[in-house]
Amino acid sequence: MPPARGHEKFSPEENASFFSKVTYSWYSRVITLGYKKPLEREDLFELNESDSPYTVCPNFEKQWRKEVLRTTKGLKAPCNKKVPSKTSLHKPCLLYPLWQTFRYLLIKVGLLKVAADILAFVSPQIMKEMINLYKNHSDLHWNGYRYALALLLVVILQTVIHQLYQRFNMLTSVKIKTAVVGLIYRKALTLANCARRKYTSGEIVNLMSSDAQQLMEMAVNLNLLWSAPFQILMAIIFLWQELGPSVLAGVAVLVLVIPINAFVAAKVKCLKKSQMKTADQRVKLLNEILHGIKILKLYAWETFYQKKVMEIREHEIDVLKSSGYLATFSMLTLTCIPFLVSLATFGIYFLLDEENVLTAAKVFTSISLFNILRLPLFDLPAVISAVAQTKISLGRLEDFLNSEDLDPQNIDTNYSANHAVGFIDASFRWDENSTQILNNLNVRIPEGALVAVVGQVGSGKSSFLSAILGEMEKLEGTVQRRGSVAYVSQQAWIQNSILQENILFGSGLNKPYYERVLEACALLPDLEQLPNGDQTEIGERGVNISGGQKQRVSLARAVYSNADIYLLDDPLSAVDVHVGKHLFEKVIGPSGLLKNKTCILVTHSLASLPQTDLIIVMEAGRIADMGNYQELLSKRANFAELLQVFSTESKNEETLPIKSDSYSLKGGSQKSYTLPQNEFLGPNDSSFLDQKKAFPVKKEKVPTGSTEMSIILKYLQAFGWLWIWLSLAAYLGQNALAIGQNLWLSTWTAEVEQTNDLTEWKQLRDNKLGIYGLLGLIQGLLVCYGAYVITRGSLSASRVLHHQMLDSVLHLPLQYFETNPVGQIINRFTKDMFMVDVRFHYYLRTWLNCTLDVLGTILVITSASPLFILIVIPLGYLYFTIQRYYIASSRQIRRLAGASHAPVISHFSETLLGAPTIRAFGHEERFVRQNKDVVNENVVYFYNNVISNRWLAVRLEFLGNLMVFFAALFAVMAGSTVSSSVVGLSISYALNITQSLNFWVRKACEIETNGVSIERICEYAKMNKEAPWLTSKRPPVGWPSKGIIEFINYQARYRTDLGLALQEISFQTRSQEKVGIVGRTGAGKSTLTNCLFRILERAGGKIIIDGIDISTIGLHDLRSNLNIIPQDPVLFSGTLQSNLDPLGKHSDLELWEALELGDLKNFVQSLPKKLLHEVSEGGENLRVLVLNSGRIVEFDTPHNLLRQKGVFSEMVTEAGITYDTDA
């Protein structure tokens, strides 16, 4: 959410002066503030109105609607009918509305790029004239000063125009992404059920995160498609003027390198795919390990699974090694291309004509032009490849955006009768692949009536509500509905925000009514125990509240909305009987808050039926009968049978504990509601409440301040000091040789000017060209060696840091995993490890190269003009001051930007889960606004990051431009004492320094910013670990043999600052005795079990098993000798055999015996591969056969059955089991 208007800092850019705009001086106050303190959100400038999603999205959506009308003329094929070929050929295209929306910006960016490209070629021409001036010694001073001044003006103008191009280019690209993201979000809210089933939530999120990003990256590089050929053509024209046809030899070398580089790039791409596949396997296994960490710890399987992860990691390292060695070739071509091109061009130049002489003007002008030529030649293949990738992304986006929408005409809201809801001969199905679910419905529900919808599992009760909401595909008939709707789904949908916001759901706070709703929904006792009452933040998908609490919050949201019609899909199933009774009396029933509202309740509760106005009995998708309780009881035998079924179920419910209210460490268990003195909370539930306080949901912090040197040192230690010194030596050598080559050319051209004899010139030429070639060859070898050494060191760092992190994570206590999202840990193993594997060593290497480049340039210019050292000192001081200011701000902006991306994805994922609820409440526009809010936050950081980069670039390039000017000025002042070759050398080096300075600071900033990844990888090593897995004291073989457990004054607490969860527990069991542990919810049953396995360590007393104090032996010795059947069943991907016996300790015969005892032998024998049957993640590929009245009604994997919301889904809900269809 954006900050309150009062705290926003509107961007002063639009009102700034021309000078302030082109130099970005208006942004200096943020940079200065960032230097004084870590920047926060309120310190940053807001977007200009034209750049914000609030302006961009509506403009683009308007153009998209025009495109849809233009291409389809209002004809859109429904899901169950084939699209006519004519329509499919002309489906709406995304590019046309994008062009219509952003064409003026794109044209402006293109014109700026043309100007910048032309100016890039002016500097070498001025340098050429200066060298000729020195060669001819004609009117040296005044003309020299004029040329020096002209050079300064050209490079300053180039800087200003290039930075304007970069600013508009980046912001136009992000606007394109913003527009597409907004359209995807809006589409996701209106997607028809048949279209929604074609996409998983992950796939739709991927469209927003990956495909929209791909479109943005293409937009950034779009101008290179014409700019690269334009630059190449300009360079060849200017080079032809210098060297004639021999320039084609240099161009031929460049062109020859392109296919070789393309081949290497293709190989690297294949290896990258292979590496991603291996990384996916590793992350999948880690995901399973972290989700099943409780099983791993209880069974002491950590070591086995750690080895499995390390094996996959070794494969990944091997692939990284191969791609690292291939990247060596790319490094070689990038570094040595200027030399190879020069060598080929000069060699052919001499061969074409014996009398061709190489002058300083020709040499240094050519080298400057070849340097310009290098970038477009390398960029062009990459951009062409990106076009192909973008085409795929565009296709995916267009397919999604052209998917079928829900038809608002499914529901008739304009009718004259006075009923609230009506069905007239209506039939429905979910999509074209499913059978007809609801048949020939005819019913009218009066306004203000309380209606119960009953029926056996799978009879169509939930589908009945979905039909009222317009979520199903209507085959025939009419659905009528009048007034606003509130909906409580079977699976409560909870937002990741404070509890109060979940209930208010966009409405204003009416304090008295809000408190009545809380009391009626039995939420007041919960609020007393939550850390911050109704201001407590609820984690993603309600991770830190129980199933019953989620359902009551969901009900409170509906009640508070004060709608006309309430659709309640069995909200009482997830709560205890007492709470259910309270909710019916206070909320739903004739005397409840909804007494004057139309209320349609799907229920299995027998007690509530007599109090309803109308009961609808569903049977196999039809309305079997309806009437009030007494009418149905008197005339319908099968209604009496249904009541008998309900009666049996409710008796069972009273006998057995409610599954949804059972113990769970994930932020606390469901409270017990059975005590007469206080229906909602017992006074002895302190251990449960302590546990709830012990494990609040933790959010990831955004780091502040500079990255400590110790972090970089940790990386360097993992890298290996030997590889570091060898890398330094290799890079020093190659940079020294690069300078040597240019110095050699300079002395060569100086000697040429003094040589008049042609024979002497030829000998000199062959000798100099040979040594020039030799220097280049040695440089090439050093480049290869340096890249090899860097690859070896970086792989060593990757291996060491990953192993340390994995080992640290597996040694963390179970409580850590209960309170920290698994995604946070996975993020360390994916995003942060990617930084270490691929990026970080590249940043270090580039920074080192730039450092040596800058030092080499200063040395060359100083050797040509010693006075230059006087300028280097103040410029160096300015440079480091600017760098220090910039890095402090940029580092923090980047960190904030990184943290701002997650809310966009989280909000989108949350919306996808709750889309039916959002549509039911009619809050689509509010959620679209919320999406714009979170996207706006992300773009604010992006905007500030772009402007801070431009602020830096203008200043650094200005310093670089001053270096160029002073190099030229001192050359002019030296007059005839310096040769033209020295002038050429110093100015050509000065022209290249700007890019090196820019890169130097950027990479220093990258190292600082991405050092956070190493910091996060290493932070697990500092956390408190569980006790050692093995100690010097080992229990005897066969322990425990008797099974005598003794608790002596045992005490335990969840956290040092909380009260005791177990107090003075003392008892002893006999050998082979069966002991039952009973008690209310929160009494400490699971805590006691956890203490046996030392999941929770003692606060006092001890536990002795067969004479051994369990605190004196290692955790693995303890846990591997005890056994437990956990509450939550977990299956790992692999074979059935590996799930039964991961450590391979038992024979097949023993496994078959175990399966027989678990009544699974026949099932496993029926599988083709029996024990070797592959189990997918979470047991996904073990299918379920659902029977009803002797017929097979469903047969699919649990995941698919849950998504279909049919018989199986209802059975799961009735059992009180919570599930996640996107897990």
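Right above here is the structure, for reference.
Residues numbered from 1 in each chain as written. Predicted model: local features only at pLDDT ≥ 70, side-chain atom pairs only at ≥ 80, totals over all residues. Heavy atoms only, no water.

Now, about the side chain of asparagine 936: what can you tell me, with residues and values included?
Looking at where asparagine 936 falls in the secondary structure, it is placed in helix H30 (residues 924–974). Given a relative accessible area of 4%, asparagine 936 falls into the buried group. If we ignore the near neighbours within four places in the chain, the residues touching asparagine 936 are Glu46, Leu47, Ser52, Pro53 and Tyr54. (Helix = DSSP H or I, 4+ residues; strand = E, 2+ residues; numbered from the N terminus. Buried < 20%, exposed > 50% of the residue type's maximum accessible area, 1.4 Å probe, protein only. Contact = heavy atoms within 4.5 Å.)

How would you summarise the packing of helix H29 (residues 868–921) against H30 if you had to cite specific residues and measurements?
Axes are the key here: two packed helices are described by the angle between their axes and the distance separating the axes. In the contact formed by H29 and H30, the axes pass within 8 Å of each other and the chain directions differ by 165°. As the angle between them shows, H29 and H30 are arranged roughly antiparallel. The crossing of H29 and H30 is left-handed. By residue class, the composition of the contact of H29 with H30 is 26 nonpolar, 12 polar and five charged. (Axes fitted to C-alpha atoms, helices over the stretch in contact; angles between N-to-C directions. Parallel < 35°, antiparallel > 145°, perpendicular 65-115°, else oblique. Left-handed = near helix turned anticlockwise from the far one by under 90°. Nonpolar A, V, L, I, M, F, W, Y, C, P; charged D, E, K, R; others polar.)

Let's hear about the packing of helix H24 (residues 709–719) against helix H28 (residues 822–864): which residues, and what values?
At a minimum axis separation of 13 Å, H24 and H28 run at an interaxial angle of 110°. In terms of axis orientation, H24 runs roughly perpendicular to H28. Contacts between H24 and H28 involve Ile712, Tyr715 and Leu716 from the first element and Val836, Phe840, His841 and Leu844 from the second. Residue composition of the contact of H24 with H28, by class: six nonpolar, one polar and no charged.

Break down the sheet that holds strand E1 (residues 411–412) for me, citing the residues and quoting the values.
Taken in spatial order, the four strands line up as E1-E5-E2-E3 in an open sheet, and their pairing is mixed. Among the strands making up the open sheet, the edge pair consists of E1 and strand E3 (436–446). Summarising the sheet, strand E2 (residues 419–429) and strand E5 (residues 473–481) pair through seven bridges and their orientation is antiparallel. Residue pairing across strands places phenylalanine 428 opposite lysine 474, the latter belonging to E5. With respect to the sheet, helix H15 (residues 461–469) is in contact with E1, E2, E3 and E5, its orientation differing from that of E3 by roughly 70°. (Pairing = 2+ DSSP bridges.)

Go over the side chain of arginine 894 with me, naming the residues and quoting the values.
Looking at where arginine 894 falls in the secondary structure, it is placed in helix H29. Ignoring any residue separated from it by four or fewer positions in sequence, one finds arginine 894 in contact with Tyr886, Asn945, Asn949, Arg1002, Cys1005, Glu1006 and Thr1009.

How would you sum up the packing of aromatic side chains? Please name residues and give values.
Scanning the model with the defined rule gives 30 aromatic pairs in all. Here tryptophan 26 and tyrosine 27 contribute two aromatic rings whose centre-to-centre distance is 5.7 Å and whose plane-to-plane angle is 85°, an arrangement assigned as edge-to-face. Here the two residues tryptophan 26 and tyrosine 27 agree in accessibility, since each one is buried. The structure contains a cluster of three or more aromatic residues connected by ring pairs, namely Trp493, Phe505, Phe921 and Phe927. (Phe/Tyr/Trp six-rings, centres within 6.5 Å; stacked < 30°, edge-to-face > 60°.)

Can you lay out the sheet that holds strand E13 (residues 1098–1105) for me, pointing to particular residues and giving the numbers?
Hydrogen bonds between backbone groups are what pair the strands of a sheet, and the pairing can be parallel or antiparallel. Spatially, E12-E11-E13-E14 is the arrangement adopted by the four strands of the open sheet, whose pairing is antiparallel. Across the chains shown, the open sheet's two edge strands, defined by having one partner strand only, are strand E12 (1062–1068) and strand E14 (1108–1109).

Could you give an account of the environment of alanine 971, naming the residues involved and the relevant values?
Counting through the fold element by element, alanine 971 comes out in helix H30. In this structure the C-alpha to C-alpha distance between alanine 971 and valine 983, which are 12 residues apart in sequence, comes to 6.2 Å.

Explain the pattern of salt bridges to me, using residue names and the numbers behind them.
By the definition in use, this model includes 29 salt bridges. Aspartate 43 is paired through a salt bridge with lysine 37; the nearest N and O atoms lie 2.6 Å apart. With a closest N to O distance of 2.6 Å, glutamate 316 and arginine 282 form a salt bridge. Residue glutamate 316 is located in helix H13 (residues 302–352), and its partner arginine 282 is located in helix H11 (residues 247–291); the two are separated by 34 residues in the primary sequence. The same class applies to glutamate 316 as to arginine 282, namely buried. Counted as one network, the salt bridges with shared partners bring together Arg282, Arg313, Glu316 and Asp837. (Salt bridge = Lys/Arg side-chain N within 4 Å of Asp/Glu carboxyl O.)

Account for the pairing of E3, naming residues and giving values.
Both E2 and E3 contribute to a ladder of seven bridges, which runs antiparallel. Paired with phenylalanine 428 across the bridge in E3 is leucine 438. The antiparallel hairpin formed by E2 and E3 contains six residues in its connecting segment.

If you had to explain the nonpolar core to someone new, which residues and values would you point to?
Among the nonpolar cores identified, the biggest contains 177 residues, and Tyr27 and Leu94 are the most heavily contacted of them. Here this core takes 27 residues from H30, the largest share from any one element. Not counting residues up to four positions away in its chain, the partners in contact with leucine 94 are Phe60, Trp64, Val180, Leu183, Leu215, Leu394, Leu397, Glu398 and Leu401. Within the second largest apolar cluster, 82 residues are counted, among which are Tyr816, Ala1061, Leu1088 and Ile1103. (Core = buried A, V, L, I, M, F, W, Y, C linked by side-chain atoms within 4.5 Å.)

An account of the environment of asparagine 206 is requested, with residue identities and associated values reported.
Mapped onto the elements of the fold, asparagine 206 is located in helix H9 (residues 201–221). Between the C-alpha atom of asparagine 206 and that of isoleucine 905, which follows or precedes it by 699 residues, the distance is 9.3 Å. Excluding residues within four positions of it along the chain, asparagine 206 makes contact with Asp211 and Arg396.

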